[in-house]
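# Structure assessment
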Amino acid sequence: GMILIGLLGGAWNLLVFFVIPVIAAEGVGGFAALKRSKAILRGNYGEAIFGGFGISLIGLLAAIAVAIPLGLLWMLFSGSIFITAVVIGIGLVALVGIACATSALDSTFRAVLYNYKQTGSLGGFSHVTLDNAILSR
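To keep things clear, this report deals only with the structure shown in the data block. (Residues numbered from 1 in each chain as written. Predicted model: local features only at pLDDT ≥ 70, side-chain atom pairs only at ≥ 80, totals over all residues. Heavy atoms only, no water.)

## Things to note about the packing of helix H2 (residues 19–26) against helix H4 (residues 81–119)
Using the following cut-off: Note on definitions: angles span 0 to 180 degrees between N-to-C directions of axes, and those axes are lines fitted to C-alpha atoms, for helices only across the stretch in contact. A run of H or I in DSSP becomes a helix once it reaches four residues, and a run of E becomes a strand once it reaches two; helices and strands are each numbered from the N terminus. If an angle is under 35 degrees, it is roughly parallel; if it is over 145, roughly antiparallel; if it lies from 65 to 115, roughly perpendicular; otherwise it is oblique. Helix crossings get a hand from a simple test, with the near helix turned counterclockwise from the far one by less than a right angle marking a left-handed crossing and a clockwise turn marking a right-handed one. Any pair of residues with heavy atoms lying within 4.5 Å of one another is described as a contacting pair. Three residue categories are used. Nonpolar comprises Ala, Val, Leu, Ile, Met, Phe, Trp, Tyr, Cys and Pro, charged comprises Asp, Glu, Lys and Arg, and polar comprises the others, including Gly.
It is at 9 Å that the axes of H2 and H4 come closest, and there the two elements cross at 60°. When the axes of H2 and H4 are compared, the pair comes out oblique. The interaxial crossing formed by H2 with H4 has right-handed handedness. Residue-level contacts link Pro21, Val22, Ala25 and Glu26 of H2 to Arg110, Ala111, Tyr114 and Gln118 of H4. The residue inventory of the contact of H2 with H4, partitioned by class, reads 5 nonpolar, 1 polar and 2 charged.

## Things to note about the environment of alanine 33
Filter applied, for reference: For every residue, the accessible area obtained with a 1.4 Å probe (protein chains only) is divided by the maximum for its type, and the residue is called buried under 20%, exposed over 50%, and partly exposed between those limits.
By the element assignment, alanine 33 lies in helix H3 (residues 30–76). Since its relative accessible area comes to 0%, alanine 33 is described here as buried. Considering only alpha carbons, one finds alanine 33 and valine 16, 17 residues apart in sequence, at a separation of 8.4 Å. Look past the residues within four positions of alanine 33 in its chain and what remains in contact with it is Val19, Val22, Ile23 and Val28.

## Structural notes on the pattern of salt bridges
Pairs can form between side chains of opposite charge once their charged atoms are near each other. The following threshold applies: Note on definitions: salt bridges are taken to be side-chain nitrogens of Lys or Arg within 4 Å of carboxyl oxygens of Asp or Glu.
A full pass over the atoms with the stated rule returns 1 salt bridge. When the shortest N-O distance is used, the salt bridge between glutamate 26 and arginine 36 registers 3.1 Å. Of this pair, glutamate 26 sits in helix H2 while arginine 36 sits in helix H3, and the two are 10 residues apart along the sequence. The partly exposed category is assigned to glutamate 26, whose relative accessible area is 31%. Of the residues examined, arginine 36 reaches a relative accessible area of 28% and is grouped as partly exposed.

Here is the structure:
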């Protein structure tokens with residue numbers, strides 16, 4: 001059951017990949033945006049999968065980079081309630097910041113990729129930048 005739910009969730013995430021850019025650029029409703037997203041994704045699923053994976057990987061690595069020093073600090077001073085509170089506070093702020101940054105990167109990536117696939121224009125980005133962003137993931 002969990003495997004099926006995971007597969008359906010992954011398929012849904014791919015299906016809605018371009019929904020927000022389609023709604024913003026074309027001004028269509030939800031079902032029409034789903035159909036357009038599906039049509040756009042048919043020829044570009046590789047970019048969507050690898051781009052989203054790469055951004056998630058960056059977020060994970062950033063979270064690990066924050067968690068390791070905070071965990072070590074907490075282990076060194078685990079008897080102190082003050083240090084525990086500081087570590088938890090810094091950790092929460094850092095994780096919220098990382099989540100906001102990765103969300104912004106993901107939204108920007110989707111919008112630029114959508115615009116590129118629709119118009120051929122990169123909106124200020126170079127072809128090399130987009131190609132490297134896709135190929136390096």
